[in-house]
Amino acid sequence: MEWRRWACLASVVALLVAWSGAEASATIAKATTAASPTALLIRAERINTAHDARFAELLRQLHQKDARLTPAQRLHLALLDALQYSLQGDDTKATSLLRKVIKHSDNPSLSARAVAQLMQIDFLNRRYEKAYKLANTLVSNLPNISEPVARLSALNQMVQLMNRVGQYDLALKYARQIQRSFPSPSGQCAGSLDVTQSLLYAGKLTSASPRFRKTIDVCLAAHLVISANALRLDLASLLTDEGHMDRSIALLDKIAPSIRKSGYKFHMASLPITYAQAYVKQGNDAAASKSALAALSMFAPGKTNWIVEDAYKVLYQVDKRAGQYAQALAYYEKYVAQAQASADDTRMRSLAYQLVKQEVLANKMQLDALHKKNQILKLRQRLAEKAVETSRLYITLILAALILIMLWLLKIKHSQLRFRRQARHDGLTGVFNRQHFLHAAKQTLGKLHHSGRCACLLMLDLDHFKRVNDSHGHAAGDEVLKQAVATCQAQLRTEDVLGRLGGEEFGILIPGCSPTQGLDIANRMRDALAAMKVKLVSDSVVMVSASFGLACSERSGHDFDRLFGDADAALYRAKECGRDRVVTACDDEAFTARDDASNETRASEPARP
């Protein structure tokens, strides 16, 4: 399915809008006389179709009553005239009238319809920058548009525009909003057609999808034959792409009379080229050549569009297979020229889209500093020169790239710091892990040795910690460990080195500490842990005690391995002697006097886990 077929659907939007307007104003029509300007305007909205003679006649009658029209009615008539000129291919007159409506109308709904129609004309005539600017205006005013005809027109145009720039998710969002907001037959046709085409262009449909049949039926029930034919042409092209040429040709044969009867320009040109693509794949070169030439005949020489491009491609393929290489080469050169023009058009569209996008971003950044209208005027004046536009775009892109690089570097730095912390610290308690504790303790001890200062190494183990996990669960055990660490840290200085050696065992290196001071710190810690009460989620309370082993550099020296071994041996003796006590390797006594007294005092207390 060639994406360039989207351009063929542009004028269908105006037709759907007009049909929807009929149902919204039906009650008004009954209250007016047939000859009044208001009644004529309503009737024109109701019967508006491509090249409909009744529509042209109503416009003629309205122009005859020009003297009786109010200024608002004249602007409404100008909008209908612009639609008629657009359908007839006279975009110059249509554009002039639409700009007049936008400039002079104080009716938001009428202005929105004019903006939507002008956006369509600008896009089809490759004035992409203007079309994108109008789209931004339309989107910003969309919440304020409540009149059904204008709202449907605005939403429908946004669907078409988003599809053309490949923003299929946004197109589907607007299309489904149409389905929800307009329950009338014409509104449902518009919404269903937009949803189906957006899914098709996004590559999410096959020819077997029931959505095609359902949408075609909805549009035919609403008497919107042109809309139904647009989707049937898409379906025929999709069938050809999938290799079902016979079914594609049968479908085209079925809808050909309806397309010719409507006289709709885009469909009249799309029909023969869709035939040609099916015939050339089928191997019917004579019919393919005839259909391709028929498609070419509808355009003036030198015209550039997707139909002309595909026609030259078909003719090239036919002549190449027939061995007419000179003619095939001529057609191939024309096909390549068309393809190059199409590629240039795509680049132009992309550049315009980026320019307008950057303009919107710039406006938002300066809203706090300057008045909105003055800033828009200033930006429009700058955009008058293409050199300024391009320079600003390049600068913006460079700044965006630099910002992305900075954010990327910050993210890397943040990750490095996070990984470094994870590598050094215990994930549960936040203190040093075993590996980093041993490293940090050795370094600190080496510095103390050079400066001639002493140090104490304190090792502690929570008593019977397994009972906590078995009785209350591992979550309770984790909470006990965290509070125990916090309790110990409250007794330490910032330069003291605390680490988790494994499980419920911890090590503490205390620089500049004598044996007496180390013993006093250990006893304070032991008392604080004994007084700690951990309240769990189940409202139960857990109490713990700890055994301590103390070694000092005055006896063990500044060799960390020996100091560590002495502290570990002291801890082992503390656990062998009944736990909940401090054993020091700094002298020959196993226990301090305070330990014995404390143990006697707590002999009558309930056993802790």
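See above for the structure.
Residues numbered from 1 in each chain as written. Predicted model: local features only at pLDDT ≥ 70, side-chain atom pairs only at ≥ 80, totals over all residues. Heavy atoms only, no water.

Here we look at unusual backbone geometry
Located in the positive-phi region is His-223, a residue other than glycine, with phi close to 65 degrees. On the secondary structure map, His-223 appears in the loop between helix 12 (210-221) and helix 13 (225-241). One non-glycine residue, Asp-580, lies in positive phi territory at about 55 degrees. Summarising the element assignment, Asp-580 is placed in the loop between helix 26 (560-576) and strand 7 (582-584). Among the residues examined, Asp-580 registers a relative accessible area of 11% and is labelled buried. (Helix = DSSP H or I, 4+ residues; strand = E, 2+ residues; numbered from the N terminus. Buried < 20%, exposed > 50% of the residue type's maximum accessible area, 1.4 Å probe, protein only.)

Overview of the packing of aromatic side chains
According to the stated counting rule, one finds eight aromatic pairs in the structure shown. On the numbers, 4.9 Å between centres and 65 degrees between planes, the contact of Phe-123 with Tyr-128 is edge-to-face. Take Phe-123: its relative accessible area is 6%, and that puts it in the buried class. Residue Tyr-128 is classed as buried on the basis of its relative accessible area, which comes to 3%. With a centroid separation of 5.7 Å and 10 degrees between ring planes, the pair formed by Tyr-275 and Tyr-279 is classed as stacked. With Tyr-275 and Tyr-279 both in helix 15 (residues 265-282) and four residues apart, this pair spans about one turn of that helix. We classify Tyr-275 as buried; its relative accessible area is 9%. (Phe/Tyr/Trp six-rings, centres within 6.5 Å; stacked < 30°, edge-to-face > 60°.)

A look at the sheet that holds strand 6 (residues 546-552)
An order of 2-3-1-6-7 is seen for the five strands of this open sheet, with the pairing classed as mixed. Two strands in the sheet have a free side with no partner beyond their single neighbour: strand 2 (497-502) and strand 7. Each strand of the sheet is rotated relative to its neighbour by a mean of 20 degrees, with strand direction disregarded. This element, helix 23 (residues 474-489), spans strand 1 (455-462), strand 2 and strand 3 (505-511) of the sheet and lies at about 155 degrees to strand 1. In the packing of helix 26 onto the sheet, contacts are made with strand 1, strand 2, strand 3, strand 6 and strand 7, and the angle to strand 6 comes to roughly 145 degrees. (Pairing = 2+ DSSP bridges. Axes fitted to C-alpha atoms, helices over the stretch in contact; angles between N-to-C directions. Contact = heavy atoms within 4.5 Å.)

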